[in-house]
Amino acid sequence: SSYNEKNAGYELAITNMVQGYVGAYDDLGNSCLKFGSSKKVGSFSFTVPSDVDYVIIKVACYKKNTTKIVINGGSPVTINSLSNNGEYDEIKVDTSTNKTINFTTVSKATRCMIDSIAYWKN
């Protein structure tokens, strides 16, 4: 239900994790977080520190499965990169005013792999 990691003085504290799996790997051996199953959507939340202006989430389809994600209740985004190839779409999320990110996959496009979540300042 949660996952924490610290790097360079910042903490990523994922909460409300549903259908999330730590310790997954893409076909090139890159460690990943996997969300969703063949029939259930995956989701999670995290809050960034006050000095973070945006976040880059690197997301791929799980193997060759269709993947769509929604961030903070916005429109669904189709993911094109395949985890089989070790390739990831970079999804930029503005956190200059809203510091909480809610991430979910979409019904019938439920599985994704996340290679990294990076905090950025302008």
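The present account deals with the structure reproduced in this document. (Residues numbered from 1 in each chain as written. Predicted model: local features only at pLDDT ≥ 70, side-chain atom pairs only at ≥ 80, totals over all residues. Heavy atoms only, no water.)

1. Let's talk about the layout of surface pockets
Counted as a void, the largest pocket has a volume near 470 Å³. Contributing to the lining of the largest pocket are 19 residues, with E5, N7, L12, S116 and I117 lying nearest its centre. At the level of elements, strand 1 (3-7), strand 2 (10-18), strand 3 (20-25), strand 4 (31-35) and strand 11 (112-120) are the ones that each hand at least two residues to the lining of the largest pocket. When residues of the lining of the largest pocket are assigned to their parent elements, the largest contribution, six residues, is made by strand 11. Here the residues of the lining of the largest pocket are counted per class, giving 11 nonpolar, four polar and four charged. (1 Å grid on protein atoms, 1.4 Å probe; cavity = no way out; pocket = protein on both sides within 12 Å on 5 of 7 lines; lining within 4 Å. Points joined across faces, edges and corners; volume = space filled by probe spheres on them. Helix = DSSP H or I, 4+ residues; strand = E, 2+ residues; numbered from the N terminus. Nonpolar A, V, L, I, M, F, W, Y, C, P; charged D, E, K, R; others polar.)

2. Structural notes on the sheet that holds strand 9 (residues 89-94)
Taken together, the five strands give an open sheet; going across it, the order is 3-4-11-6-9, and neighbouring strands pair in antiparallel fashion. A strand with exactly one partner marks an edge of an open sheet, and here the two such strands are strand 3 and strand 9. The average undirected angle you get between the axes of adjacent strands in this sheet is 35 degrees. In this sheet, strand 9 lies alongside strand 6 (residues 54-61) in antiparallel orientation, the contact comprising six bridges. If you follow I57 over to strand 9, its bridge partner there is I91. (Pairing = 2+ DSSP bridges. Axes fitted to C-alpha atoms, helices over the stretch in contact; angles between N-to-C directions.)

3. Observations regarding the sheet that holds strand 10 (residues 100-110)
Strand pairing in a sheet takes place through backbone hydrogen bonds and is either antiparallel or parallel in direction. The strand order 1-2-5-10-7-8 describes an open sheet built from six strands, whose pairing is antiparallel. Taken across any chain shown, the strands that pair with only one partner, and hence form the sheet edges, are strand 1 and strand 8 (77-79). Between one strand axis and the next, the sheet turns through 25 degrees on average, direction left out of account. Sheet topology places strand 7 (residues 67-71) next to strand 10; four bridges connect them, and they run antiparallel. By the bridge assignment, I69 is partnered in strand 10 with T105.

4. Quick notes on unusual backbone geometry
Located in the positive-phi region is Q19, a residue other than glycine, with phi close to 55 degrees. Mapped onto the fold, Q19 is located in the loop between strand 2 and strand 3. On the basis of relative accessibility, which here comes to 23%, the residue Q19 falls in the partly exposed class. Positive phi is not limited to glycine here, since N72 has a value of about 50 degrees. Residue N72 is classed as partly exposed on the basis of its relative accessible area of 32%. (Buried < 20%, exposed > 50% of the residue type's maximum accessible area, 1.4 Å probe, protein only.)

5. Here we look at the pairing of strand 11
With three bridges connecting them, strand 4 and strand 11 associate as antiparallel partners. Counted as the bridge partner of F35 is C112 from strand 11. With eight bridges joining them, strand 6 and strand 11 adopt antiparallel strand pairing. Bridge pairing in strand 11 links V55 to Y119.

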